[in-house]
Amino acid sequence: RLERLFPAAAQATYDALGLDLCNIYKMAVDQDRLEIQARVGWPADMPARQSVSARHYSLSAFALAQDEPLIVDDLKGDDRFHSVEDLLERGIRSSLIAVIRLNDGVFGVIGCHSLKPGRFSRGDAIFVKGMAYVLATAISRNIDAEALHDQRVRLQGILDTTADAIVTLDSAGRVEQMNAAAESMFGHSAGELHGSPVARLLPECDAAFVDAIGDGISSVHADAVGLRGGAKRFPVEMSAGVVRLGGERLAILTIRDVSQRRAAED
């Protein structure tokens, strides 16, 4: 999770390069500021900024404007930068700033700082650029996982408003989600059946059943047999279709208990 990732990454960079200060900042929504996510090496008794400018001749602004990490050999003698007074007060003399870039833009920056002028080499820059890449990969995966979770929550909300029993299966034919009507129909909770083969609900179906369902809007309609409480068989009508959620192929089964109708027909 990101709240653990950033402090760990800042500490790892701090230790690997023998830094005096390491910061990780995230770009704010307004794109004007970068907000602190992790800081290692700042004295506890010294006030520290919670954000820095992404514009107006700041270290970060210069780093954001170029492809390679920014190396500053001597902050004290370099008049290009504004708003570095807190670093100078801390005694910082040299800095290395690498940008964390995602596919759709900039996430933030890693700031490495030393009390010694001329401290950072091109090798250090390559290392920090690599750390920025690792962070970008982890951030992207985290964002994708959160988006997929949100999609699943929305899907579950839709399922639970439907009177018919609905079960979703993964590409291997294992139970992913069930709505309340399905729990009642089959006598099991969604938690009990999660990851179970579809045959625990529909004994005549197997993993190959999912492969037989075509992609897209078209669906399969069939008579089948349900299994209530793992023992009692009962007749059902089933329709099934396949959707893609976060790049994953899911089968959605809509199941109706037709026991009473069959009894009336008999």
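Counting of residues starts from 1 at the beginning of each chain's written sequence and follows it residue by residue. This being a predicted model, a pLDDT of at least 70 is required before a residue's local features are given, and a value of 80 or more before pairs of side-chain atoms are given or counted; all residues contribute to the totals for chains, interfaces and linings. To get the side-chain values, all heavy atoms of the structure are used, and hydrogens and water are removed first.

1. Here's the deal with the overall build of the protein
To be explicit about the condition: Think of it this way: any DSSP run of H or I at least four residues long counts as a helix, any run of E at least two long counts as a strand, and we number them from the N terminus. Only C-alpha atoms enter the radius of gyration; for comparison, a globular chain is expected to reach 2.2 Å times N to the power 0.38, where N is the number of residues. The cut-offs for exposure are 20% and 50% of the maximum accessible area for each residue type, with area from a 1.4 Å probe on protein chains only; residues under the lower value are buried, those over the upper are exposed, and the others partly exposed. The contact criterion used throughout is that any non-hydrogen atoms of two residues lie within 4.5 Å. Method for areas: the Shrake-Rupley scheme with a 1.4 Å probe, in which residue coverage is limited to the protein chains shown.
When you go through the protein residue by residue, the secondary structure sums to eight helices and 11 strands. On C-alpha atoms alone, the protein measures out to a radius of gyration of 28 Å, which is more than a quarter above the 18 Å that the 2.2 N^0.38 rule sets for 266 residues. Of all 266 residues assigned to the protein, the portion counted as buried reaches 41%. Put simply, of all contacts in the protein between residues at least 6 apart along the chain, 49% involve residues at least 24 apart. In the form shown here, the protein has an accessible surface area of approximately 14,000 Å², with 51% of it arising from carbon and sulfur atoms.

2. What about the confidence of the model for the protein?
The predicted coordinates ought not to be read in detail in places where the model reports low pLDDT. In plain terms, the rule: A score between 0 and 100, pLDDT records how confident the predictor is in each residue.
Of the residues in the protein, 93% reach a pLDDT of 70 or more, and the chain-wide mean stands at 85. Mean pLDDT in the protein bottoms out at helix H7 (residues 207-211), which sits at 65, and peaks at strand E4 (residues 70-72), which reaches 94.

3. Considerations on the pattern of salt bridges
Selection rule: By definition here, a salt bridge exists when the distance from a side-chain nitrogen of Lys or Arg to a carboxyl oxygen of Asp or Glu is within 4 Å.
Applying the stated criterion across every chain yields a total of 14 salt bridges. Its salt-bridge partner being arginine 119, residue aspartate 124 comes within 3.3 Å of it at the nearest N-O pair. For arginine 119, a relative accessible area of 24% corresponds to the partly exposed category. Here arginine 174 makes a salt bridge to aspartate 170, at a shortest N to O gap of 2.9 Å.

4. Some points on the packing of aromatic side chains
Note the following rule: Note on ring pairs: Phe, Tyr and Trp rings are taken, using the six-membered ring of Trp, and paired if centres are within 6.5 Å. Classes follow the plane angle, with under 30 degrees stacked, over 60 edge-to-face and the rest tilted. Only Lys NZ and Arg CZ are tested; either one counts as a charge over a ring when it is within 6 Å of the ring centre and within 35 degrees of the ring normal.
Under the criterion given, the structure shown has four aromatic pairs. Ring centres of tyrosine 57 and phenylalanine 62 lie 6.4 Å apart, and the angle between their planes is 45°; this geometry places the pair in the tilted category. Take tyrosine 57: its relative accessible area is 51%, and that puts it in the exposed class. Their ring planes at 70° and their centres at 4.8 Å tell us that phenylalanine 62 and phenylalanine 81 sit as a pair that is edge-to-face. Taken together, the residues phenylalanine 62 in helix H2 (residues 59-64) and phenylalanine 81 in the loop between E4 and helix H3 (85-90) connect sequence positions 19 residues apart. Here a set of aromatic residues connected by ring pairs shows up, and it is made of Tyr57, Phe62 and Phe81. Across the ring face of phenylalanine 234, the terminal group of arginine 228 is positioned such that the distance to the ring centre comes to 4.0 Å.

5. Quick notes on the nonpolar core
In plain terms, the rule: By nonpolar core we mean a set of buried residues, namely Ala, Val, Leu, Ile, Met, Phe, Trp, Tyr and Cys, connected to one another through side-chain atoms within 4.5 Å.
Counting residues in each nonpolar core, the largest one holds 25 residues, and the members touching the most others are Phe6, Ile24, Ile100, Ile110, Leu135 and Ile139. Of all elements in the fold, only helix H1 (2-17), strand E1 (21-27), strand E2 (33-40), strand E5 (94-102), strand E6 (105-114) and helix H4 (122-160) reach the threshold of two or more residues within this core. Contact partners of isoleucine 24, with chain neighbours within four places excluded, come to Phe6, Ala9, Ala10, Glu35, Ile36, Gln37, Ala38, Ile100, Val109, Ile110 and Leu135. One finds Ala165, Met178, Phe186 and Leu201 within the second-largest nonpolar core, a separate group that totals 22 residues.

6. Some details on the environment of phenylalanine 186
Residue position: phenylalanine 186 is located in helix H5 (residues 180-186). Of the residues examined, phenylalanine 186 reaches a relative accessible area of 0% and is grouped as buried. Along the sequence, phenylalanine 186 and lysine 232 sit 46 residues apart, while their C-alpha atoms lie 9.3 Å from each other. Setting aside anything within four residues of it in sequence, one finds phenylalanine 186 in contact with Leu201, Leu202, Gly226, Leu227, Arg228, Gly229, Phe234 and Ile255.

7. Concerning the sheet that holds E1
Under the convention used in this document: Should DSSP find at least two bridges between two strands, the strands are taken to pair. In this description, a line fitted to the C-alpha atoms serves as the axis of each element, helices being fitted only across the stretch in contact, and the angle between N-to-C directions of two axes falls anywhere from 0 to 180 degrees.
Reading across from one edge, E3-E2-E1-E6-E5-E4 is the order of the six strands in this open sheet, with antiparallel pairing throughout. Single-partner strands in this sheet number two, and they are strand E3 (51-53) and E4. When the angles between neighbouring strand axes are averaged without regard to direction, this sheet yields 25°.

8. Considerations on the side chain of serine 114
The condition that has to hold: Polar contacts here mean pairs of N or O atoms no more than 3.5 Å apart (in protein, one a potential hydrogen donor and the other a potential acceptor; neighbouring residues in sequence count only if both atoms are side-chain atoms).
Mapped onto the secondary structure, serine 114 falls in strand E6. Since its relative accessible area comes to 2%, serine 114 is described here as buried. From its side chain, serine 114 meets the backbone nitrogen of lysine 116 in a polar contact 3.0 Å long. Contact partners of serine 114, with chain neighbours within four places excluded, come to Asp20, Ile92, Arg93, Ser94, Arg119 and Phe120.

9. Details of the environment of serine 196
Among the secondary structure elements, serine 196 is positioned in the loop between helix H6 (190-193) and H7. Residue serine 196 is classed as buried on the basis of its relative accessible area, which comes to 8%. Here the alpha-carbon distance between serine 196 and valine 52, two residues 144 residues apart in the chain, equals 51 Å. Residues contacting serine 196, with those up to four places away along its chain left out, are Gly173, Arg174 and Val175. Polar contacts involving the side chain of serine 196 include one to the side chain of arginine 200, which spans 3.1 Å.

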